[in-house]
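The chain contents come next:
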Amino acid sequence: MHVVTVSNWVKSKAEQSYLSDKNITPIYNGIDLNMFRKKPVERAEWMNGKFVILSVSMGWNRRKGFDDFMELSKKLKDDEIIVLIGVTEKQMETLPDNVIGIKRTANADELCDYYNMADVYVSAAVEETMGLTVVEAMACGTPAIVYNKTALPELIREGCGFACEYGVDYLHEAIKRVRQKNKTDFSDNCIRFVSENFNKRDQYQKYCELYKEIVGTGEKR
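My aim in this report is to walk through the structure given alongside it, one point at a time. (Residues numbered from 1 in each chain as written. Predicted model: local features only at pLDDT ≥ 70, side-chain atom pairs only at ≥ 80, totals over all residues. Heavy atoms only, no water.)

Here we look at unusual backbone geometry
Here Thr 150, not a glycine, exhibits a phi torsion of approximately 45°, which is positive. The topology assignment puts Thr 150 in the loop between β7 (144-147) and β8 (161-164). Relative accessible area serves as the criterion here: at 23%, Thr 150 is assigned to the partly exposed category. (Helix = DSSP H or I, 4+ residues; strand = E, 2+ residues; numbered from the N terminus. Buried < 20%, exposed > 50% of the residue type's maximum accessible area, 1.4 Å probe, protein only.)

A closer look at the packing of aromatic side chains
What the rule picks out here adds up to seven aromatic pairs. With centroids separated by 5.7 Å and ring planes inclined at 85°, the aromatic side chains of Trp 60 and Phe 69 adopt a geometry described as edge-to-face. Considered together, Trp 60 and Phe 69 belong to a single accessibility category, that of buried residues. Aromatic side chains Tyr 115 and Tyr 121 sit 5.9 Å apart centroid to centroid with 65° between the ring planes, which places their arrangement in the edge-to-face category. Taking relative accessible area as the criterion, Tyr 115 reaches 0% and is therefore assigned buried. Three or more aromatic residues joined by ring pairs form one cluster here, namely Tyr 28, Phe 193 and Phe 198. Its end group placed over the ring of Tyr 166, Lys 149 keeps NZ or CZ at 5.1 Å from the ring centre. Between Lys 181 and the ring centre of Phe 186, over which it is positioned, the NZ or CZ distance is 4.9 Å. (Phe/Tyr/Trp six-rings, centres within 6.5 Å; stacked < 30°, edge-to-face > 60°. Lys NZ or Arg CZ within 6 Å of the ring centre and 35° of its normal.)

Focus: the sheet that holds strand β6 (residues 120-123)
With parallel pairing, the six strands of this open sheet are ordered in space as β5-β4-β3-β6-β7-β8. The two strands at the open ends of the sheet, each matched to only one other strand, are β5 (99-102) and β8. Taken over all neighbouring pairs, the strand axes of this sheet differ in orientation by 20° on average, direction set aside. Relative to β7, β6 is paired through three bridges, and the arrangement is parallel. Within β7, the residue paired with Tyr 121 across the bridge is Ala 144. Its contacts with the sheet place helix α5 (residues 132-139) against β3 (51-56), β6 and β7, and it is angled at close to 175° to β6. (Pairing = 2+ DSSP bridges. Axes fitted to C-alpha atoms, helices over the stretch in contact; angles between N-to-C directions. Contact = heavy atoms within 4.5 Å.)

Take a look at the structure:
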């Protein structure tokens, strides 16, 4: 049996499990760089003059960082807003004025637009096997901030954003560091890093190469 994991963190966990005697290879998930890319986008009117902190989730709960964003909203300046994509109608009713809730979208073009409109992408999740939305945001030239937990730090390289310690205060300090510089100071590094490590065609090819190696040699990896 050969096991493929989507991050080094998952690999480390698999090595501590009943799979420890198996062949384990990490291969990151890939994204479509023709879809998620830096492009000129006209901001929504309600974003004008605002520093936009974006986060996306299929569903929001404590593990995904919903409570942390509510706490973070209390620390923001008047010209800073949080945009959460994927919230429910019920959650929208609880959001403070400086947190904008948007329902879940399956439209990749629309999601790409939001990535481009944002000044920084923040993941406050504490349990991620990889964190694909972080990669999608960086592919659009938007720096990312994550907690130094599970697989998320693997997605941040120097010049692409920050992996901070757990806690809203640390998250807030990292956001201030991004704002003190400028989104454009990070964009090229983000795009280059994603292109080199998360292009879906390259990642698919790694699966093909692994398969050929396994069936071609008959030897354990």
